Amino acid sequence: MSKERLDKILSHAGFGSRQDVKSLMHSGAVTINGTVVTDPASKADSLNDAITVDGNELALRKFVYIMMNKPQNYVSASKDGLHSTVFDLLDDSCHTPYLEEHLHIIGRLDIDTEGLLLFTTDGELTHMITSPKTHRSKTYLVRLRDAVGTVLQTEYTDRCRAGIHIPPEGNEAEADCKPAELVWHTGGKSGSAECELTIYEGKYHEVKRIFAVLGNEVVFLKRLSIGTLALDPLLAAGEYRELTDEEICRLKQ
């Protein structure tokens, strides 16, 4: 990584404005590789140089990867004039100047949809997951308004596997959905109103539009996985954690 001005690095790391950092450096509190540095214009490699403030080494990272169990009633955006956003659920450590500028969501979930939501500063990974060319799978838990009997379940499953044509909605054009996989949960005598749908694209309201074409209505929707990465069952709604190295590797495969 190329070197950057030290005052910029420290400001992005949460040590205040450039003026705050200037005062901090003039106090002799900042070192680079063991040498006290007082000039804010000094440059450093934030990934390879050892930068300390008051004797504490900074753990500066270019890439951040976060998994959240998104709750309902939160918008998948950084700002919204009417509703709380998923970024409001992140603590202060995720609101440094650098992360405010670079942390973003990989794909979005509707305000009434729950489940797996990913945040990252890695634009290459975002492109890899969201590009239609990669056909990355996304699996959702679906609860329907009407229970579906076994015969009709087979029809739903076959139609999803063949690919369903969905009509336009709002400003979104009609479209042919790619083949999807439908697995039904066990139900009672009247059938089941709960299933899991795996899709391989991300059209606007795709899951809801598919079931509307099938003559039913989605009343609850939760994303369970993206590719081989599943939502951590220990995360309550609104909770989040950083991905492990193994999970990051799986996302990049």
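Predicted model only: the values in this text are computed from it and were never measured.

Okay, the sheet that holds strand β2 (residues 30–32) next. Pairing in this open sheet of four strands is antiparallel, and the strands run β3-β2-β5-β6 from one edge to the other. Of all strands in the sheet, those bounded by a partner on one side alone are β3 (35–36) and β6 (56–57). Note that β2 and β3 share two bridges and pair antiparallel. Among the inter-strand pairings, Thr 31 is bridged to a residue of β3, identified as Val 36.

Let us now look at the pattern of salt bridges. In total, this model carries 17 salt bridges according to the counting rule given. A salt bridge links Lys 208 to Asp 112; its shortest N-O distance comes to 2.9 Å. One end of the pair, Lys 208, is in helix α6 (residues 206–213); the other, Asp 112, is in the loop between β8 (104–106) and β9 (114–120), with 96 residues separating them in the sequence. Residue Asp 112 is classed as partly exposed on the basis of its relative accessible area, which comes to 37%.

Here we come to the pairing of strand β14 (residues 192–199). Two faces belong to every sheet, and in a regular strand the side chains alternate between them. Sheet analysis places strand β10 (residues 138–148) next to β14, joined by seven bridges and oriented antiparallel. In the strand pairing of β14, Thr 139 is matched with Thr 198. As paired elements, strand β13 (residues 181–184) and β14 share four bridges and run antiparallel to each other. Opposite Val 183, over in β14, you have Glu 196 as the bridge partner.

Here we come to the pairing of β10. Examined bridge by bridge, β10 and strand β15 (residues 218–226) share seven bridges and lie antiparallel to one another. Bridging from a neighbouring strand, Thr 139 pairs with Ser 225 of β15.

Within soluble globular proteins, side chains that are nonpolar tend to cluster in buried spots. Core analysis: the largest hydrophobic core is formed by 36 residues, its most contacted members being Phe 119, Val 142, Leu 197, Val 207 and Phe 211. The element that contributes the greatest number of residues to this core is β10, accounting for four residues. In contact with Val 207, not counting residues within four places along its chain, are Tyr 140, Val 142, Leu 197, Ile 199, Val 218 and Leu 221.

What follows deals with the side chain of Gln 153. Turning to its location among the elements, Gln 153 is positioned in helix α5 (residues 150–162). Classification of Gln 153 as buried rests on a relative accessible area of 13%. Apart from residues no more than four positions distant in its own chain, Gln 153 is found in contact with Val 148, Trp 184, Gly 191 and Ser 192.

Inspection of the entire model under this criterion finds four aromatic pairs. Taken together through their ring pairs, the aromatic side chains of Tyr 156, Trp 184 and Phe 211 make up a single cluster.

At Asn 33, a residue that is not glycine, the phi angle is positive and equals roughly 50 degrees. Checked against the element boundaries, Asn 33 lands in the loop between β2 and β3. For Asn 33, a relative accessible area of 48% puts it in the partly exposed group. Residues other than glycine seldom take positive phi values, yet His 205 does so here, at roughly 50 degrees. By the secondary structure assignment, His 205 is in the loop between β14 and α6.

Next up on the list: the side chain of Lys 138. Structurally, the position occupied by Lys 138 is in strand β10. Look at Lys 138: it is buried, it has no salt bridge, and the nearest opposite charge is Glu 206 at 7.5 Å. Reaching out from Lys 138, the side chain makes a polar contact with the backbone oxygen of Arg 136 at a distance of 3.4 Å.

Definitions and cut-offs
Residues numbered from 1 in each chain as written. Predicted model: local features only at pLDDT ≥ 70, side-chain atom pairs only at ≥ 80, totals over all residues. Heavy atoms only, no water. Pairing = 2+ DSSP bridges. Helix = DSSP H or I, 4+ residues; strand = E, 2+ residues; numbered from the N terminus. Salt bridge = Lys/Arg side-chain N within 4 Å of Asp/Glu carboxyl O. Buried < 20%, exposed > 50% of the residue type's maximum accessible area, 1.4 Å probe, protein only. Core = buried A, V, L, I, M, F, W, Y, C linked by side-chain atoms within 4.5 Å. Contact = heavy atoms within 4.5 Å. Phe/Tyr/Trp six-rings, centres within 6.5 Å; stacked < 30°, edge-to-face > 60°. Lys, Arg positive; Asp, Glu negative; His and termini not counted. Polar contact = N/O pair within 3.5 Å; in protein donor to acceptor, adjacent residues only side chain to side chain.

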